[in-house]
Structure formats: C-alpha cells, structure tokens
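Next come the chains, spelled out residue by residue.
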Amino acid sequence: MRHDDGSETDSGHQLDQDHAGEIPAAGLFSEAFWDERYRSSSAVWSGNPNPQLMAEAASLQPGDALDVGCGEGADAIWLAERGWRVTAVDISTIALERGAAYARQVSSDVAGRITWQQVDLLEWGPAPQTYDLVSAQFMQLPAQLRVGLFERLAASVAVGGTLLIVGHSPTDLHTTAARPPLPELFFTAKEIAAALDPSLWRVIVSEARPRVVRDPDGHLVTVHDEVFAVRRAWPAGRRARHLPIR
Ligand SMILES: C[S@@+](CC[C@H](N)C(=O)[O-])C[C@H]1O[C@@H](n2cnc3c(N)ncnc32)[C@H](O)[C@@H]1O
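How each quantity is defined
All chains use their own residue numbering, which begins from 1 and follows the written sequence. Given that the model is predicted, a residue must reach a pLDDT of at least 70 before its local features are reported, and side-chain atom pairs must reach 80 or more before they are shown or counted; all residues, however, enter totals for whole chains, interfaces and linings. Here a helix means four or more residues in a row that DSSP labels H or I, a strand means two or more in a row labelled E, and each is numbered from the N terminus. Between the buried cut of 20 or more and the exposed cut of 12 or fewer other C-beta atoms within 10 Å of a residue's own C-beta lies the partly exposed class, and all C-beta atoms are placed from the backbone. What counts as a contact here is a pair of residues whose C-beta atoms, placed from the backbone, lie within 7 Å. Placing a C-beta atom from the backbone of each residue, we mark the residue near a molecule or strand if the atom is within 6 Å of it. Ten residue types, Ala, Val, Leu, Ile, Met, Phe, Trp, Tyr, Cys and Pro, are classed as nonpolar, four, Asp, Glu, Lys and Arg, as charged, and the remainder, Gly among them, as polar. Fitting a line to C-alpha atoms yields each axis, with helices limited to the stretch in contact; the angle taken between N-to-C directions then spans 0 to 180 degrees. We call a crossing left-handed when the near helix sits turned anticlockwise from the far one by less than a right angle, and right-handed when that turn is clockwise. Linking buried Ala, Val, Leu, Ile, Met, Phe, Trp, Tyr and Cys residues through C-beta atoms within 7 Å yields a set, and such a set is a nonpolar core. At least two DSSP bridges between two strands are needed for those strands to be called paired. Think of it like this: strands point away, you trace from the first strand over the helix to the second, and a clockwise trace means the crossover is right-handed. Given a helix with a known number of residues, its expected span is that number minus one, times 1.5 Å. When we speak of the arc, we mean the arc of directions from the helix axis to the C-beta atoms.

Student: Explain the overall build of the protein to me, please; I cannot follow it from the model alone.
Tutor: Across its full length, the protein carries 9 helices and 8 strands. A total of 246 residues make up the protein; the buried ones form 39% of that total. Intrachain contacts of the protein at a sequence separation of at least 6 include 71% that bridge at least 24 residues.

Here it is, written out as structure tokens:
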C-alpha cells in the first residue's frame, strides 16, 4: 500500500516471516504453499506495479513481454496498458485468476493482451529468443535454483530485448523490514551480472536501489532493491546488414 508520504507498507513482497523458518526452503516454491498464501487474503499484494519495472520499462517500445512469477498481475496489467502483449506466468492458479479478473475490470483491450499461464518455473523453460522484455520481480530462490531459472529467462530474451531482474537486497536482512530469515534466498545484481556472457549483453543497470517502506510496526525503513537490466546485443553480422550503405 502506498502512503501519502510516499512510503509503502512492505507487505507486498514479504514471505510469511513467522513461518518461514519452519518451512523447508523447497516448500516456498510449491503450488501448495503459494495457493495457501493467496487463499489467506483477498489481496496479498498492493495492486500497484513494481517501481523498478516502471522505472526501467516506461521508455521501452512495447512488444512481447514475459512476467515471471506474476502474482496477482499488477505488473502484467501495467505493461498491457502500455501496449505490451504479456505472457504472465505463476504457479498459483488463485493468483492467476485474480490477475485475469483485475485485467477484465481495467478493460477488455488490456485483458485481451495478457495470457495467464500456470507453470512451475523450476521446470518450465520459455521459448528461446522470444520476448522483447522478460521481467522477474522478487523471485527469491536459493542459488542452485536461481541460477538455472535466470539462465532460462536470459535465453528467452529476443535480440534487442531486455532482461530485467529485481530482488530484495541481502542488506535488507539487517533492517526491520519484513523479510524471511533465509539468507540463501537473497542475491545481488552484481552476482547475476557475473553469470552472463558479457559479449552477448549490454548492461543497462546493475545496482542496489534504495526504497522507503514501512516495517511491520509501521516505522519507515530504507530497503534496497537489487536491479539488474541488460539488453541482448545484436549479432555483429545482423547489425551490419541494417547499417545504411554509403
Ligand atoms: C514474491 S512473489 C512476487 C509476485 C510479483 N512478481 C510481485 O512482485 O508482486 C513470488 C511469486 O512467484 C510465484 N512462484 C513461486 N514459486 C514458483 C514456481 N515454482 N513457479 C512459478 N511461480 C512461482 C508465487 O506464486 C508468487 O506469485
């Protein structure tokens, strides 16, 4: 929820802090866990698009987008409102049904531009070099699962397209913000950058960006979003063909 002072209650992206320690990490990525989480509240997230998506995608030319772990669909709807054709994927059918209902409330045009698809991202691989934008917001996975997912997502970015990965910074664990006490779920933008072939990508942004939120006691606290955006380079030969001949 956004407040008049510009802060947000950071319920948007927390896992259940009280129970996180009791759940085997693998359970955090299961359909049963997330369906239960969505069933527990009529709206788990704020309904606002993620600020780092808005910052990085507002100036992009609309095309085909993949919203990874789309939750209740605020990002997918924001993209569709700007003309993107969106494939929005999540493991929870409850979240997907909510997203589809919200999109219909916005307009039939917006709803018609979004395909909602239930997938298990630990196994599913999107089609290679397909999307002009792949956005993964707060997919907090342990390293061995995260690396594979981010590789598959990178492979699905079309030439000239953008890969945008945003996550909670490991430094948030030293704040009062609601974060699960599971350090293995946290990553930095620089860690993601190190895993990509620099000859294939142009780095747009790789940084920890501050954001003011309210903690569970209502106090303002500065957290950081790890923001990583890269553009897939044009192969040298293809770019050359588009150069004007003089
Ligand atoms: C922290 S939420 C982020 C939601 C949304 N991206 C946002 O920023 O508001 C993580 C999302 O990933 C989904 N998810 C978790 N594990 C998944 C998996 N194995 N396959 C697909 N989606 C998964 C959850 O259902 C949830 O909607």
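Student: What's the story with unusual backbone geometry in this structure? I'm lost.
Tutor: The general pattern is negative phi for most residues beyond glycine and trans for most peptide bonds. Backbone geometry at Gln-129 places phi at a positive 45 degrees, although glycine is not the residue there. Note that Gln-129 resides in the loop between β4 (114-118) and β5 (131-137). Taking the C-beta count within 10 Å as the criterion, Gln-129 has 12 such neighbours and is therefore assigned exposed. In the Ramachandran plot, Phe-138 falls in the positive-phi region, its phi being about 65 degrees despite a non-glycine side chain. Here Phe-138 lies in the loop between β5 and α7 (143-155).

Student: Explanation requested: the site of the ligand in the structure shown.
Tutor: As a structural note, the neighbourhood of the ligand is formed by 20 residues, with Trp-34, Gly-69, Gly-71, Ile-91 and Leu-121 the closest of them. For the shell around the ligand, the per-class residue count stands at 11 nonpolar, 7 polar and 2 charged.

Student: Sorry, what's going on with the packing of helix α4 (residues 74-81) against helix α5 (residues 93-106) here?
Tutor: Each pair of packed helices can be summarised by the angle the axes make with each other and by the distance between the axes. Packing of α4 against α5 brings their axes to within 9 Å, and their N-to-C directions diverge by 30 degrees. Seen along the crossing, α4 lies across α5 with a hand that is right-handed. Contact with α4, carried on its side by Ala-76, Ile-77, Ala-80 and Glu-81, involves Gly-99, Tyr-102, Ala-103 and Val-106 of α5 and no other residues of that element. Here the contact of α4 with α5 is built from residues that sort into 6 nonpolar, 1 polar and 1 charged.

Student: Just checking my understanding: could you explain α4 for this structure?
Tutor: For an α-helix the count is 3.6 residues per turn, leaving residues at separations of three or four pointing the same way. Of all 8 residues that make up α4, 7 are buried, and the element is covered over most of its length. Buried within α4 we find Ala-74, Asp-75, Ala-76, Ile-77, Trp-78, Leu-79 and Ala-80. Downstream of α4 by one or two residues, Gly-83 has phi in the positive range, about 100 degrees.

Student: Is there a simple way to explain the nonpolar core in this structure?
Tutor: A general trend in soluble globular proteins is that nonpolar side chains are found buried together. If you look at the biggest cluster of nonpolar residues, it comprises 53 residues, and the most contacted ones within it are Ala-80, Val-134, Leu-163 and Leu-164. Counting residues per element, this core draws most heavily on α4, at 6 residues.

Student: Is there a simple way to explain the pairing of strand β6 (residues 157-168) in this structure?
Tutor: Of all the 12 residues making up β6, 9 are buried; the element is thus mostly covered by neighbouring parts of the structure. Here β5 runs beside β6; their pairing, made up of 6 bridges, is parallel. Bridge assignment links Val-134 to a residue of β6, and that residue is Leu-163. Running through α7, the crossover from β5 to the neighbouring parallel element β6 is right-handed.

Student: How should the environment of Asp-109 be read in this particular structure?
Tutor: Residue placement: Asp-109 occurs in helix α6 (residues 108-112). Look at Asp-109 and you get exposed, because 11 C-beta atoms sit within 10 Å. Counting along the chain gives 26 residues from Asp-109 to Gly-83, while the straight-line C-alpha distance between them is 9.3 Å.

Student: I tried to follow α7 on my own but got confused; where do I start?
Tutor: Helix length check: α7, at 13 residues, gives a terminal C-alpha distance of 18 Å against a target of 18 Å (1.5 Å per residue), a fit within 8%. If you check which residues of α7 are buried, you get Arg-146, Leu-149, Phe-150, Leu-153 and Ala-154. Seen end-on, α7 carries its buried residues on one side only, within an arc spanning 135 degrees. The inward-facing, buried residues of α7 contact β2 (64-68), β5, β6 and α8 (189-195).

Fair warning: the whole summary comes from geometry, so function is off the table for now.
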